Amino acid sequence: MRNIQKALLTLATGSLLSVGAQAATSYSNGYTGQPYVGAKVGQFDLDIDNADDPTAYGVYGGYNFDSNFGVEAEYVGSDDADYRNGDLDAKTYGAYGTARYQFPNTGLYAKGKLGVAKTEVEGDYTNGAVKVSNSTSDTGIAGGVGLGYSVNPDFGVEAEYSMLDSDVDTNLLTVGAQLKF
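Residues numbered from 1 in each chain as written. Predicted model: local features only at pLDDT ≥ 70, side-chain atom pairs only at ≥ 80, totals over all residues. Heavy atoms only, no water.

Quick look at a nonpolar patch on the surface now. Together, Leu 108, Leu 147, Tyr 149, Val 151 and Val 157 make up an exposed nonpolar region whose accessible area comes to about 400 Å². A total of three residues in the nonpolar patch trace back to one element, the largest contributor, which is strand E7 (residues 130-152). Checked against the element boundaries, Val 151 lands in strand E7. Among the residues examined, Val 151 registers a relative accessible area of 47% and is labelled partly exposed. (Patch = residues over 30% accessible without salt bridge, like charges linked within 9 Å, V, L, I, M, F, W, Y side chains within 5 Å. Areas by Shrake-Rupley, 256 points an atom, 1.4 Å probe, with all protein chains shown as cover. Salt bridge = Lys/Arg side-chain N within 4 Å of Asp/Glu carboxyl O. Helix = DSSP H or I, 4+ residues; strand = E, 2+ residues; numbered from the N terminus. Buried < 20%, exposed > 50% of the residue type's maximum accessible area, 1.4 Å probe, protein only.)

Most of strand E3 (residues 69-78) sits inside the fold, with seven of its ten residues counted as buried. Relative to E3, strand E2 (residues 55-64) is paired through nine bridges, and the arrangement is antiparallel. Pairing of Gly 58 across the sheet is with Val 76, part of E3. Between E2 and the antiparallel strand that follows it, E3, lie four residues. In this structure, E3 lies alongside strand E5 (residues 86-102), joined through nine bridges in antiparallel fashion. By the bridge assignment, Gly 70 is partnered in E5 with Thr 98. (Pairing = 2+ DSSP bridges.)

Before going further, it helps to spend a moment on the confidence of the model for the chain. For any part of a model where pLDDT is low, the fine detail of the predicted coordinates should not be relied upon. Looking at the chain, pLDDT values average 80 and 75% of them are 70 or higher. Here residues 15-30 is modelled with pLDDT under 50, and outside its nearest four sequence neighbours on either side it reaches 17 contacts, counting other chains as well. (pLDDT = per-residue confidence, 0-100. Contact = heavy atoms within 4.5 Å.)

Structurally, Ala 159 can be placed in strand E8 (residues 155-164). In this structure the C-alpha to C-alpha distance between Ala 159 and Leu 147, which are twelve residues apart in sequence, comes to 5.5 Å. Setting aside residues up to four positions removed in sequence, Ala 159 forms contacts with Val 145, Gly 146, Leu 147, Thr 174 and Val 175.

Time to look at empty space enclosed by the protein. The gaps left among the atoms become clear once a water-sized probe is rolled over them. Under the counting rule described, the total for this entry stands at one cavity of 30 Å³ or more. By volume, the largest cavity is sized at about 50 Å³. Every residue along the wall of the largest cavity is listed here: Lys 40, Tyr 60, Glu 72, Lys 111, Glu 158, Ala 159, Glu 160, Thr 174, Val 175 and Gly 176. Going through the elements one at a time, E8 and strand E9 (170-180) are the ones with two or more residues in the lining of the largest cavity. A breakdown of the residues in the lining of the largest cavity according to their chemical character gives three nonpolar, two polar and five charged. (1 Å grid on protein atoms, 1.4 Å probe; cavity = no way out; pocket = protein on both sides within 12 Å on 5 of 7 lines; lining within 4 Å. Points joined across faces, edges and corners; volume = space filled by probe spheres on them. Nonpolar A, V, L, I, M, F, W, Y, C, P; charged D, E, K, R; others polar.)

Moving on, we come to the environment of Leu 164. Relative to the helices and strands, Leu 164 resides in strand E8. Of the residues examined, Leu 164 reaches a relative accessible area of 5% and is grouped as buried. Sequence-distant contacts of Leu 164, defined by excluding residues within four places in its chain, comprise Thr 92, Tyr 96, Ala 117, Thr 119, Ile 141, Ala 142 and Thr 170.

Here Glu 160 lies in strand E8. Residue Glu 160 is classed as buried on the basis of its relative accessible area of 4%. A polar contact is formed between the side chain of Glu 160 and the side chain of Lys 113, at a distance of 2.8 Å. Residues contacting Glu 160, with those up to four places away along its chain left out, are Lys 40, Glu 74, Lys 111, Lys 113, Val 145, Gly 146, Leu 172, Leu 173 and Thr 174. (Polar contact = N/O pair within 3.5 Å; in protein donor to acceptor, adjacent residues only side chain to side chain.)

Structure follows, in structure tokens:
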């Protein structure tokens, strides 16, 4: 299953790169769109008793229609965290509308996003001689706020806090880097 996910992520990233190379064009109204792809790492904050919060890693891509508004999609997964002497795994898939505010005369910007995300949490542990498996999957409203810095026109870094509305209260804190086209 993980090989299929990796293959799909690679295919999606490649598609974004090829579309992005062709999409950054000037329109007749003078606006220029800007696609981007990035990677992030951080930590899930799951409201589950007796569970360590897993390390998060993910990829994302988006398109800024202008300097203020855009769209973004992301996948964030986790490593196996300790859960009652077993394993806990979390992942989320999201699609968002984004809004940015560029601070004047700097590369610094604030970013907000709002959309929907599917969050899946799975846990396996041993209770005496019985192996117990718990899993939940839910789609709900998700949003986040972040602060970023454009190092140059083609590269930027971001720190972001996201809240995912699901059966398990899930928050996500990440830092990432992105390439813009």
